[in-house]
Amino acid sequence: MRDADVLLVLLPGGYGTHAEIGAALAFGRPIIIHVPNKQVLDTPYPCVFHYHPGVKILVSEALDVDAVLACMPFGA
């Protein structure tokens, strides 16, 4: 995370996903989380990281590359 420009998270994730989000927040990196539906954000439990101001949530059944690119912090 130290050298990353942005973290793109595809949920549902595996073990360590939220540790990576925490590290990105600690380093001040912007985070984009893609979920197929809002229910995934609260399964198996809600996570405070999802509601941090440095996190952008994208909800769509399929990964929308144009939407991800629109969230990217170009020029940062």
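Residues numbered from 1 in each chain as written. Predicted model: local features only at pLDDT ≥ 70, side-chain atom pairs only at ≥ 80, totals over all residues. Heavy atoms only, no water.

Caption draft 1: Highlighting the environment of L58. Positionally, L58 belongs in strand β3 (residues 55-59). By relative accessible area, which is 11% here, L58 ends up buried. For the pair L58 and D5, spaced 53 residues apart in sequence, the C-alpha separation works out to 18 Å. With residues near it in sequence (within four places) discarded, L58 still touches I32, I33, H34, V35, A67, V68 and C71. (Helix = DSSP H or I, 4+ residues; strand = E, 2+ residues; numbered from the N terminus. Buried < 20%, exposed > 50% of the residue type's maximum accessible area, 1.4 Å probe, protein only. Contact = heavy atoms within 4.5 Å.)

Caption draft 2: Structural view of the nonpolar core. Counting residues in each nonpolar core, the largest one holds 12 residues, listed as L7, V9, L11, I21, A24, L25, I31, I33, V35, V40, L41 and V55. Secondary structure elements with two or more residues in this core: β1 (7-10), α1 (17-26) and β2 (31-35). (Core = buried A, V, L, I, M, F, W, Y, C linked by side-chain atoms within 4.5 Å.)

Caption draft 3: Just a nonpolar patch on the surface, in detail. Together, L8, L10, L63, V65 and L69 line one region of the surface with nonpolar side chains, adding up to about 420 Å² of accessible area. Following the sequence through the fold, L63 ends up in the loop between β3 and α2 (65-71). Using a relative accessible area of 43% as the deciding quantity, one classes L63 as partly exposed. (Patch = residues over 30% accessible without salt bridge, like charges linked within 9 Å, V, L, I, M, F, W, Y side chains within 5 Å. Areas by Shrake-Rupley, 256 points an atom, 1.4 Å probe, with all protein chains shown as cover. Salt bridge = Lys/Arg side-chain N within 4 Å of Asp/Glu carboxyl O.)

Caption draft 4: Fine view of α1. Among the residues making up α1, those that are buried are T17, I21, G22, A24 and L25. Projected onto a plane normal to the axis of α1, the buried residues spread over an arc of 160° and lie on a single side. Opposite the buried face of α1, by more than 90 degrees, sit the exposed residues A19 and A26. Residues of α1 that are buried in the fold lie against β1, β2 and β3. Immediately downstream of α1, the backbone of G28 shows phi near 75°, a positive value. (Arc of directions from axis to C-beta.)

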